[in-house]
Amino acid sequence: TTTKPLLAHPHFIFGVLAQFCYVAAQSGIFGFFINYVLENTHVTAGEAARWLGMYGFALFMIGRLCGSFVVSAMKPQRALTIYAVINVGMCALAMVGGNIGLAGLFGSFFFMSIMFPTIFALGIHGLGKHTKLASSLIVMSIVGGAIAPPQMGHIADVMSMRVGFLVPLACFAYVA
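Some thoughts on the side chain of Ser 113
Considering the arrangement of structural elements, one finds Ser 113 in the loop between α4 (98–112) and α5 (115–124). When its relative accessible area of 0% is taken as the criterion, Ser 113 is described as buried. Within the local environment of Ser 113, its side chain forms a polar contact with the backbone oxygen of Gly 63, the two atoms lying 3.1 Å apart. Side-chain polar atoms of Ser 113 contact the backbone oxygen of Phe 110, separated by 2.7 Å. Non-local contacts of Ser 113, meaning those with residues more than four positions away in its chain, are made with Phe 60, Gly 63 and Arg 64.

Re a nonpolar patch on the surface
Nonpolar side chains collect at one region of the surface, where Leu 7, Ile 13, Phe 14, Leu 17 and Tyr 174 lie side by side and expose about 490 Å² of accessible area between them. Along the chain, Leu 7 falls in the segment before α1 (10–40).

Digging into the packing of α1 against helix α7 (residues 144–158)
Interaxial distance between α1 and α7 falls to 7 Å at its minimum, and their mutual angle equals 50°. Judged by the inter-axis angle, α1 sits oblique to α7. Pair α1 / α7 crosses with right-handed handedness. Mapping the contact onto sequence places Phe 20, Val 23, Ala 24, Ser 27, Gly 28, Ile 29 and Phe 32 in α1 and Gly 144, Gly 145, Ile 147, Ala 148, Pro 149, Met 152 and Gly 153 in α7. Along the lines of polarity and charge, the residues of the contact of α1 with α7 split into nine nonpolar, five polar and no charged.

Re the state of the cysteines
Within the structure shown, the criterion is met by zero disulfides. Unpaired in terms of disulfides, Cys 21 finds its nearest cysteine sulfur in Cys 171, a separation of 4.7 Å. Note on Cys 21: relative accessible area 15%, which makes it buried.

Looking at the pattern of salt bridges
Close approach of charged atoms lets side chains of opposite charge pair. Following the criterion strictly, the structure yields one salt bridge and no others. A salt bridge links Glu 47 to Arg 50, with the nearest nitrogen and oxygen atoms 3.0 Å apart. Highlighted residues: Glu 47 and Arg 50, both in helix α2 (residues 45–73), separated by three residues, approximately one helical turn. A relative accessible area of 27% means that Glu 47 is categorised as partly exposed. Looking at Arg 50, the relative accessible area reads 44%, which means it is partly exposed.

Description of the packing of aromatic side chains
Evaluation of the coordinates by the stated rule reveals 10 aromatic pairs. Aromatic side chains Phe 30 and Phe 109 sit 5.1 Å apart centroid to centroid with 10° between the ring planes, which places their arrangement in the stacked category. With a gap of 79 residues between them, Phe 30 in helix α1 and Phe 109 in helix α4 connect regions that are remote in the sequence. Chaining the aromatic ring pairs together yields one cluster made of Phe 30, Phe 33, Tyr 55, Phe 57, Phe 60, Phe 106 and Phe 109.

Comments concerning the nonpolar core
Counting residues in hydrophobic clusters, the biggest one holds 41 residues, and the most contacted among them are Tyr 22, Met 115, Phe 165 and Val 175. Among the secondary structure elements, those contributing two or more residues to this core are α1, α2, α3 (76–96), α4, α5, α7 and α9 (166–175). Once you skip the residues sitting within four places of it in the chain, Met 115 turns out to touch Gln 19, Tyr 22, Leu 80, Tyr 83, Ala 84, Asn 87, Phe 172 and Val 175. Counting residues in hydrophobic clusters, the runner-up holds seven residues, among them Leu 6, Phe 12, Leu 127 and Ala 134.

Quick word on the packing of α1 against helix α6 (residues 131–140)
Where α1 meets α6, the axes come as close as 8 Å, and the angle between the chain directions of the two elements is 25°. Comparing the axis directions of α1 and α6 gives the class roughly parallel. Between α1 and α6, the residues in contact are Phe 12, Val 16 and Gln 19 and Ala 134, Leu 137 and Ile 138, respectively. Among the residues forming the contact of α1 with α6, the class breakdown is five nonpolar, one polar and no charged.

The rules behind each value
- Residues numbered from 1 in each chain as written.
- Predicted model: local features only at pLDDT ≥ 70, side-chain atom pairs only at ≥ 80, totals over all residues.
- Heavy atoms only, no water.
- Helix = DSSP H or I, 4+ residues; strand = E, 2+ residues; numbered from the N terminus.
- Buried < 20%, exposed > 50% of the residue type's maximum accessible area, 1.4 Å probe, protein only.
- Polar contact = N/O pair within 3.5 Å; in protein donor to acceptor, adjacent residues only side chain to side chain.
- Contact = heavy atoms within 4.5 Å.
- Patch = residues over 30% accessible without salt bridge, like charges linked within 9 Å, V, L, I, M, F, W, Y side chains within 5 Å.
- Areas by Shrake-Rupley, 256 points an atom, 1.4 Å probe, with all protein chains shown as cover.
- Salt bridge = Lys/Arg side-chain N within 4 Å of Asp/Glu carboxyl O.
- Axes fitted to C-alpha atoms, helices over the stretch in contact; angles between N-to-C directions.
- Parallel < 35°, antiparallel > 145°, perpendicular 65-115°, else oblique.
- Left-handed = near helix turned anticlockwise from the far one by under 90°.
- Nonpolar A, V, L, I, M, F, W, Y, C, P; charged D, E, K, R; others polar.
- Disulfide = S-S within 2.5 Å.
- Phe/Tyr/Trp six-rings, centres within 6.5 Å; stacked < 30°, edge-to-face > 60°.
- Core = buried A, V, L, I, M, F, W, Y, C linked by side-chain atoms within 4.5 Å.

Pasting the structure below:
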């Protein structure tokens, strides 16, 4: 068991910040999906909501299943980095708009899927007696989901929903 204080473990600090950023990005993407679709396509809000449920969340689930194999086949930190870099690209595509942007938005659902459990596991790894406290602090960092979406919304109000995707892009860049 470790004798160093909890805050002396850099991977824990990075884990808290990464979880904050990941949940911020996820909440923004999930929360503004319908707004994005309405701004970039000619479908109704009801149809956009169906796309979220049928395609977005299905891709998230498929991504989690596939991601389990990916994480078991390579170092989890490498898989997390690769998925986060891909999500930076997906958010950049979303900023393009149109069908390309929509593909990027849907792609982000797939590549977000492994992030929460992987960040959590990496953040508490090897903390010994600090594991319980570290776990609770990493879980509390989900507050990012309450902080980033209003920033996305403000950017969308001032500029456009597409530009609002700078927020999750920056969050995924930190995770990477």
